Amino acid sequence: YYEQIQQSGRLKITGQLSAAVAHEIRNPLTVVKGFLQLFEQDTSFTAERKGHLALMIDELGTAEQVISQFLSVAKPEKEKVLETVDVKLVLQSVKDLLHSYGLLHNNRIELNIMGDCTISINTIEFKQLLINIIKNAIEASKMGDLVLVTARSEKGFVVINVTDHGRGMSEEEVASLGTPFYSLKSKGTGLGMMICFNIVEKYKGTIDFQTSKGHGTTVTIRFPSI
Ligand code: ADP
Ligand code: MG
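Residues numbered from 1 in each chain as written. Chains lettered and ligands numbered in written order. Predicted model: local features only at pLDDT ≥ 70, side-chain atom pairs only at ≥ 80, totals over all residues.

### Quick look at the nonpolar core
Val87, Leu130, Ile133, Ile134, Ala137, Val158 and Val162 are the most contacted members of the largest nonpolar core, which has 30 residues in total. Contributions of two or more residues to this core are made by helix 3 (87-100), strand 3 (118-121), helix 4 (123-140), strand 4 (146-154), strand 5 (157-164), helix 6 (192-202) and strand 7 (216-224). With near-sequence residues (within four places) excluded, Val158 lies in contact with Val87, Cys117, Ile119, Ala151, Ser153, Phe223 and Ser225. (Core = buried A, V, L, I, M, F, W, Y, C linked by C-beta atoms within 7 Å. Buried ≥ 20, exposed ≤ 12 C-beta atoms within 10 Å, placed from the backbone. Helix = DSSP H or I, 4+ residues; strand = E, 2+ residues; numbered from the N terminus. Contact = placed C-beta atoms within 7 Å.)

This is how it looks when you write it as structure tokens:
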């Protein structure tokens, strides 16, 4: 228990530090990326040079992604007010968001919400949690596969399940989830699950994984209902 408290203290300091660093790094990154995108439209560049430009823009995109994930963990506590949140509305808006950013990779997300699912949480953090989990489900799936998201109220809890029929995880892989920078993806940041675990713990929820290598995964999130 003591170790756990120490751990969360460490995470807090890491969070504050990375917020400061992230702010300073993000702006110059955005400026450089903007100019590279301008160069890309320049007709005097050779195809080879344009290939280099595309690579640079892509790499900067990855760097930006790492930074924004750090930034959202590290936002000051006072910005994170508790809200009465309708899980159904948030799930719908997360689905739309993933759709409009083209993050669905041709996959379908099906929502199935039963009854009244209301929890007390910060909406931005709740969205971030859901986006990370659903994005992982899509990235683990084959093109066109279905990701099923269900929510229901059960014995004082709201239970959310995210099910994919993708690659699944071994026991070792599950045990590594939440370790900063643990990722099996070539373009992964390995920060998503760490952020999710933090948010779940902060709002007294739980997160569980039921998975079978090669067959798929169900992530179960529970929060006390109100
Ligand atoms: P990232 O998505 O950037 O790799 P995450 O922290 O979100 O980082 O996830 C860490 C790793 O956990 C992923 O690289 C992947 O190997 C594994 N993982 C997470 N969710 C799933 C899932 N639904 N199915 C299979 N593997 C998963
Ligand atoms: Mg992820």
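### Regarding the site of ligand 1
Neighbouring ligand 1 are 21 residues, the closest being Asn136, Ala140, Ser183, Gly188 and Gly192. Put simply, the parts of the chain that give the shell around ligand 1 at least two residues each are helix 4 and helix 6. Sort the elements by how many residues they give to the shell around ligand 1 and helix 4 lands first, with four residues. Taken together, the residues of the shell around ligand 1 sort by class into eight nonpolar, ten polar and three charged. (Near = placed C-beta within 6 Å. Nonpolar A, V, L, I, M, F, W, Y, C, P; charged D, E, K, R; others polar.)

### Things to note about helix 6
Looking only at helix 6, the buried set comprises Gly192, Met193, Ile195, Cys196 and Ile199. Mapping the buried residues of helix 6 onto a view down its axis gives an arc of 155°, with all of them on the same face. (Arc of directions from axis to C-beta.)

### Examining helix 4
With 18 residues, helix 4 should reach 26 Å at 1.5 Å per residue; the first-to-last C-alpha distance of 26 Å fits that figure. Considered for burial, the residues of helix 4 that qualify are Glu125, Phe126, Gln128, Leu129, Leu130, Ile133, Ile134, Asn136, Ala137, Ile138 and Ala140. (Expected span 1.5 Å × (residues − 1).)

### Concerning the packing of helix 3 against helix 4
At a closest axis distance of 10 Å, the pairing of helix 3 and helix 4 adopts a crossing angle of 55°. On the basis of the axis angle, helix 3 is oblique to helix 4. Of the two possible hands of crossing, helix 3 and helix 4 adopt the one that is right-handed. Contacts between helix 3 and helix 4 involve Val90, Leu91, Val94 and Leu98 from the first element and Thr123, Phe126, Lys127, Leu130, Ile131 and Ile134 from the second. Here the contact of helix 3 with helix 4 is built from residues that sort into eight nonpolar, one polar and one charged. (Axes fitted to C-alpha atoms, helices over the stretch in contact; angles between N-to-C directions. Parallel < 35°, antiparallel > 145°, perpendicular 65-115°, else oblique. Left-handed = near helix turned anticlockwise from the far one by under 90°.)

### Comments concerning the packing of helix 4 against helix 6
What describes two packed helices is the angle between their axes and the distance between those same axes. It is at 9 Å that the axes of helix 4 and helix 6 come closest, and there the two elements cross at 140°. With respect to their mutual orientation, helix 4 and helix 6 come out oblique. Handedness of the crossing formed by helix 4 with helix 6: left-handed. Seen from helix 4, the contacting residues are Glu125, Gln128, Leu129, Asn132, Ile133 and Asn136; seen from helix 6, they are Gly192, Ile195, Cys196, Ile199 and Val200. Across the contact of helix 4 with helix 6, the residue classes break down as six nonpolar, four polar and one charged.

### As for the sheet that holds strand 5
As a general point, the strands of a sheet are linked pairwise by backbone hydrogen bonds and lie either parallel or antiparallel. Read across the sheet, five strands follow the order 2-4-5-7-6 without closing on themselves; strand pairing throughout is mixed. A strand with exactly one partner marks an edge of an open sheet, and here the two such strands are strand 2 (108-114) and strand 6 (206-212). The mean inter-strand angle of the sheet, taken between neighbouring strand axes irrespective of direction, is 15°. Note: strand 2 against strand 4, seven bridges, orientation parallel. Counted as the bridge partner of Met114 is Arg152 from strand 4. The strands touched by helix 4 within the sheet are strand 2, strand 4, strand 5 and strand 7, with strand 5 carrying the most contacts at an inclination of about 20°. (Pairing = 2+ DSSP bridges.)

### So, the confidence of the model for the protein chain
Per-chain confidence: the protein chain averages 87 in pLDDT, with 86% of residues scoring 70 or above. Here the prediction assigns the complex a pTM of 0.79, and the interface score ipTM is 0.99. (pLDDT = per-residue confidence, 0-100.)

### Things to note about unusual backbone geometry
In this model, Lys155 sits at a positive phi of 45°, which is unusual for a non-glycine residue. One can find Lys155 in the loop between strand 4 and strand 5. Given 7 C-beta atoms within a 10 Å radius, Lys155 is considered exposed. We note that Phe181 has phi near 70°; this positive angle belongs to a residue other than glycine. The residue Phe181 is located in the loop between helix 5 (171-176) and helix 6 in this model. By the C-beta count within 10 Å, which is 10 here, Phe181 ends up exposed.

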